[in-house]
Amino acid sequence: MPKLELEKTYDAGAVESRLYAQWEERGMFRAHIRKGHPTYVIMMPPPNVTGMLTLGHVLNNSLQDLLIRWRRMNGDDVLWLPGTDHAGIATQIKVEEQLAKEGKSRHDLGREKLIERIWEWRENYGGIILKQLRKIGASCDWSRTRFTMDEDLSRAVDEIFVRLYEKGLIYRGKRIVNWDPEKHTALSDEQVDYRNVASNLWHFRYPLSDGSGHLTVATTRPETMLGDTAVAVHPDDPRYKHLHGKTVTLPIVGRKIPIVADTYVDQSFGTGCVKVTPAHDPNDFEIAMRQNLEFISVIGPEGKMTAEVPQDFRGLDRKDARKKVVEAFEQSGLLEKIEPYSHSVGHNERTGTVIEPLLSEQWFVRMSELVQPAIRAVREGRIKFHPEHWEKTYFHWLENVRDWCISRQIWWGHRIPLWTIQETGEVICCVGDPHNDPKYAGKTLVQDPDVVDTWFSSWLWPFSTLGWPEESEDLGHFFPTSVLITAPDIIFLWVARMIIASEEVFGVEPFRDVYFTGVVRDLQGRKMSKSLGNSPDPLEVVDSYGADALRFTIISQTPRGGDIRFGSEMCEVGRNFANKLWNATRFLLMNLPEDSESFAFTPVEALPCVPENLIDQWITSAFMTTVREVEAALREFRFADAAKKLYAFVWNDFCDWYIELNKVRFAAGDASRREALRHALGILHGTLRLLHPFMPFITEELFATLRKLSEHSWPTDQKPVSIMVAHYPKSNAIFINAEVEEQFSRLEEVVTAIRNIRGELRVAPSARIHAGLRMDHQKLSAEWAPISEYVVRLAGLSDLSLDVSRPKGSASAVVQEIEVFVPLHGLIDLNAERARLKKEDERLEKLISSANAKLNNPSFVERAKPEVVDSEREKLEELRRAHEKICRFIEEIEAAGGK
């Protein structure tokens, strides 16, 4: 076998595309069902079929893939099921926009033709995001990809609707809904985006009907006053007790409306009088139900004034009606004042249209009964949230839940499974088409025109995707699932509802753990958006840095549930890390003997005993400690901690120190080199497996290279076809030696201290210098004899003295109770160095003086942002530390004879 070699540089793009194709061809992502095997299941939060990959998707799916690869290597039957959501409103809007360019509307096509057009669009453009996820290494079981409008998932929606309807938990009723007058559909509360809008607060006078005065009410929506049916005051407000039961005459309309006492009113806000418009405000609706008030709808589904208003206002757009109402009040002398006022206004989160609260007949789910098992599941710890603080948000919503409006007046989606027999008025609720039932032969059946809310299908996602309501092998093996990773903004829309549905259907929780990601922000802390131009295209980042670099960078930056600040340039960290690993592997392979065909190494976990060599003892202990810490971090969803532990081990321990230390052994003869290489490759083999879930591509490429090296010497069960199914490392306490790790920690600090002294005194890198160590403890002195040669090599020394007194005129440092010194006499030009340091000292003194003046200036401290002041204080401390070090060097040079 020819000597193994790696290319000089790592070509991420070429490697990643080749390896992903291999994984798919070999079916490496497919889930397996093995009876009695532990399972680990994640259902991908289905992105909208209209969606394109964002950094939020990269974060979410990188974490999911990390867990799936980790548990796959642990031998679990893993399933990561991908899919997309039909996204009713968003998808229909996309296609209607296409139609608009053709000069058509959905009504020109009709329902069936529009649905056909949407399916065509979905075939051509839908699901692009799933293809994009492949670019970041997502190891989903693509053979099980689901779509919420698949035939069997649609059957599941019908099934849950029928079950709840028959239990009396779905009903049709008139309630205030969030109405989009542009798209002509109701929206759930969670689909409304509330934005702060600068407007006005209009103060109107409503005359008392008996002519004894007036009440002043304030409103941000003057046009709705035409539908007022009462004025409410607090029952305990002494200003208005004498008016309870009396009436005011509604201006413009001339209708007498009662003054009612209701505890909803905040008597300390404004005048303590509230206009009540039951048909156009959810709070007013509740007042009306308590007070038995009339409901008058003055704004219709098109956003125009209805026939319930005076003739002059009928058919006006709500904005025009507002102006006309204000003008009428002003002309009649009943406009008391107008104040600038900013308030929260609901908008359709998809279209930006201002939402109109309307009294509308819709289908609702009674939630108060359904939520109780979901509350218990989290309260009893059967489902754990990470971070835990999201439990408070969850409980608050469920304990104050309102009935769920599930009907939507659009055409794309799951049609409500209700039919009316025209001849009798009988309503049929069933799964499947009742036209196929002989008992309805000859009858005229008309289906409800509405579709259900998109979330009414996706709340079934954990089990409808596995075949429910039919019994299936997948459902029996993979449900309940294990973990959900999602964003907290859909904790109500999706997370809570999935728990509710699972408890209702199966009486069990759908998953054990829910991890909530943070928001990916730019480096200034702003939320990423196209309008700000601060949202990098993830695929461009992958092209520039590689998928592994993007994955590792974003994972290592994610605090547990906290927001992430990200810039594309940060991926240099991940790319440099990949290159470091590549170069370290390449160096080891370059040092293989010529007869590498007969050269074999042992995976680190298979070592029969603790290595004899002290360096090997140390790296093995450090590796096993890292394995233990990474495993603990992953179990606790501390992804960034796990990534940082790996980074520190690979970059510092393995590459910077272990390989450098081994260069001494490589130079000591063939036997020493072979022994060092065998152990180094065994550690590298374990490191690749430990790192694989974070950086799947480069680890697979390097693992495959090591596999070639070992293919003639290892048992078959230790030669997996891919690192994906290799054993994930397990920590073995036998190999962990805290004393040895501490010993090498001291070695690293001593070498670093000598290197720093060399650098600060500008000693030429080629110069071999003398250094010494002085210790107070005999134990410390004894441990340095076996490793002193490594200090000489790594610090560029001619020799190293142990446990001797520091000569006069030496540069020194103290690390872990060890005094490190470098005699200066004859090493440098003492006079020239003293002159240089004196100039540097003067420069630092000026900077310190300037920084002190700034921080002692009350104007600066009071006006500057706190973070700016803190930064200046940190700079001052750094300058003081540098000044102290310079002064110490000057003293040491003068002691050595410098003038």
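The structure displayed is predicted, hence computed values, not measured ones.

About the criteria used
- Residues numbered from 1 in each chain as written.
- Predicted model: local features only at pLDDT ≥ 70, side-chain atom pairs only at ≥ 80, totals over all residues.
- Heavy atoms only, no water.
- Axes fitted to C-alpha atoms, helices over the stretch in contact; angles between N-to-C directions.
- Helix = DSSP H or I, 4+ residues; strand = E, 2+ residues; numbered from the N terminus.
- Parallel < 35°, antiparallel > 145°, perpendicular 65-115°, else oblique.
- Contact = heavy atoms within 4.5 Å.
- Nonpolar A, V, L, I, M, F, W, Y, C, P; charged D, E, K, R; others polar.
- Core = buried A, V, L, I, M, F, W, Y, C linked by side-chain atoms within 4.5 Å.
- Buried < 20%, exposed > 50% of the residue type's maximum accessible area, 1.4 Å probe, protein only.
- Pairing = 2+ DSSP bridges.
- Phe/Tyr/Trp six-rings, centres within 6.5 Å; stacked < 30°, edge-to-face > 60°.
- Lys NZ or Arg CZ within 6 Å of the ring centre and 35° of its normal.
- Salt bridge = Lys/Arg side-chain N within 4 Å of Asp/Glu carboxyl O.
- Right-handed = clockwise from strand over helix to strand, strands pointing away.

> Would you take a moment to explain the packing of helix α16 (residues 538-545) against helix α17 (residues 547-556) for this structure?
The description of two helices packed together rests on the angle between their axes and the distance between the axes. Running from amino to carboxyl end, α16 crosses α17 at an angle of 115 degrees, the nearest separation of the two axes being 7 Å. In this view, α16 runs roughly perpendicular relative to α17, as classed from their interaxial angle. Across the interface between the two elements, P538, V541, V542 and Y545 of α16 pack against A547, A549 and L550 of α17. Here the residues of the contact of α16 with α17 sort into seven nonpolar, no polar and no charged.

> Any chance you could explain the nonpolar core here in plain terms?
As a rule of thumb, soluble globular proteins bury nonpolar side chains together. With 150 residues, the main nonpolar core has W618, F639, F654, F694 and L747 as its most contacted residues. Ranked by residues supplied to this core, first place goes to helix α20 (residues 639-666) with 14 residues. Once residues within four sequence positions are removed from consideration, W618 is found in contact with D653, W657, Y658, L661, V740, E741, F744 and E748. Among the nonpolar cores identified, the runner-up in size contains 63 residues, and V371, I375, F385 and W461 belong to it.

> How should I be thinking about the sheet that holds strand β9 (residues 230-233) in this particular structure?
Adjacent strands of a sheet form backbone hydrogen bonds with each other and so pair up, either parallel or antiparallel. Read from one edge of the open sheet, four strands run β10-β11-β9-β12, paired in mixed fashion. Single-partner strands in this sheet number two, and they are β10 (247-249) and β12 (273-276). On average, each strand axis in the sheet is tilted by 30 degrees relative to the strand beside it, whichever way the strands run. Across three bridges, β10 lies against strand β11 (residues 256-261) in antiparallel orientation. Paired with V248 across the two strands is I257, which belongs to β11.

> Explain the pairing of strand β7 (residues 192-207) here, please?
If a strand is regular, its side chains alternate between the two faces of the sheet. When β7 meets strand β13 (residues 335-348), the two strands line up antiparallel, connected through 13 bridges. Each bridged residue has a counterpart across the sheet, and for V192 the counterpart in β13 is N348. Sheet analysis places β7 next to strand β8 (residues 214-219), joined by six bridges and oriented antiparallel. Across the sheet, the residue bridging to H203 is A218, located in β8. Counted between consecutive antiparallel strands, the loop separating β7 from β8 contains six residues, among which G211 sits at a positive phi close to 80 degrees.

> Quick question: what am I supposed to make of the side chain of E631 here?
Here E631 lies in helix α19 (residues 614-635). Exposure remark for E631: the relative accessible area of 12% places this residue in the buried category.

> Help me out: how do you make sense of the environment of A87 in this one?
Tracing the chain through its elements places A87 in the loop between β3 (83-84) and α3 (88-101). Residue A87 is classed as buried on the basis of its relative accessible area of 6%. In sequence terms A87 and G51 are 36 residues apart; their C-alpha atoms lie 9.6 Å from each other. With residues up to four places along the chain from it excluded, the contact list for A87 reads N48, W412 and T454.

> Please clarify how the packing of aromatic side chains should be interpreted in this entry.
The geometry of an aromatic ring pair comes down to the distance between the two centres and the angle between the two planes. Considering all chains together, one arrives at 40 aromatic pairs under this definition. For the pair F161 and F456, a centre-to-centre distance of 6.2 Å together with 70 degrees between the ring planes defines the contact as edge-to-face. A residue pair is termed long-range when its members are at least 10 positions apart, and F161 in helix α7 (residues 151-166) and F456 in helix α12 (residues 455-458) qualify at 295 residues. F456 gets classed as buried once you look at its relative accessible area, which sits at 0%. Their ring planes at 35 degrees and their centres at 5.3 Å tell us that F456 and W459 sit as a pair that is tilted. Here the aromatic residues F161, Y165, W363, W404, F456 and W459 are joined through ring pairs into a cluster of three or more. Positioned above the aromatic ring of W411 is the side chain of R106, whose terminal nitrogen or guanidinium carbon lies 4.8 Å from the ring centre. Across from the ring centre of W142, 3.9 Å away, lies the NZ or CZ of R134, which sits over that ring.

> I'm lost on the sheet that holds strand β26 (residues 769-775) in this one. Help?
Pairing in this open sheet of four strands is mixed, and the strands run β27-β26-β29-β28 from one edge to the other. One side of each edge strand has no neighbouring strand; the edge strands of this open sheet are β27 (797-802) and β28 (810-815). Going from strand to strand, the sheet's axes swing by 20 degrees on average, the running direction of each strand aside. Looking at chain direction, β28 and strand β29 (residues 818-823) are connected through six bridges and run antiparallel. Among the inter-strand pairings, V815 is bridged to a residue of β29, identified as I818. Along the sheet face, helix α23 (residues 738-760) touches β26, β27, β28 and β29 and points at about 150 degrees away from the line of β28.

> I tried to follow the pattern of salt bridges on my own but got confused; where do I start?
Opposite charge on two side chains permits pairing when their charged atoms draw close. In the structure shown here, the tally under the stated rule is 52 salt bridges. One salt bridge connects R117 with E102, and the closest N-O pair in it is separated by 2.4 Å. Highlighted residues: R117 in helix α5 (residues 111-125) and E102 in the loop between α3 and α4 (106-109), separated in sequence by 15 residues. Exposure remark for E102: the relative accessible area of 40% places this residue in the partly exposed category. The salt bridge involving R172 is made with E361; its shortest N-O contact spans 4.0 Å. Of this pair, R172 sits in strand β5 (residues 170-180) while E361 sits in strand β14 (residues 356-365); the two residues are 189 residues apart in sequence, bridging distant segments of the chain. Several salt bridges share partner residues, and in doing so they unite R221, E223, R318, R322 and E356 into one network.

> Help me understand the pairing of strand β23 (residues 513-516), please; the structure alone is not making it clear to me.
Side chains D513 and Y515 project from β23 onto one buried face, and the interleaved V514 and F516 project onto a second face that is buried too. Relative to β23, strand β15 (residues 384-386) runs parallel, the two being bridged by three bridges. Of the residues in β23, the one forming a bridge with F385 is V514. One crossover worth recording links strand β22 (residues 483-486) to the parallel β23 by way of helix α15 (residues 491-505), and it is right-handed.

> How do you make sense of unusual backbone geometry when you look at a structure like this?
Peptide bonds are trans in most cases, and residues, glycine excluded, mostly fall at negative phi. The omega torsion of the bond from H386 to P387 falls at 0 degrees, within 30 degrees of zero and hence cis. By the element assignment, P387 lies in the loop between β15 and α11 (390-399). Cis geometry is adopted by the peptide bond preceding P480, which originates at F479 and carries an omega value of 0 degrees. Phi at N292 is positive, roughly 60 degrees, even though this residue is not glycine. Looking at the element boundaries, N292 is found in the loop between α8 (282-291) and α9 (318-332).

> Help me understand the environment of G352 in this model?
Along the chain, G352 turns up in the loop between β13 and β14. Along the sequence, G352 and D193 sit 159 residues apart, while their C-alpha atoms lie 8.2 Å from each other. G352 has contacts with R195 and H347, leaving out every residue within four places of it along the chain.

So yeah, pure geometry; function would need other evidence.
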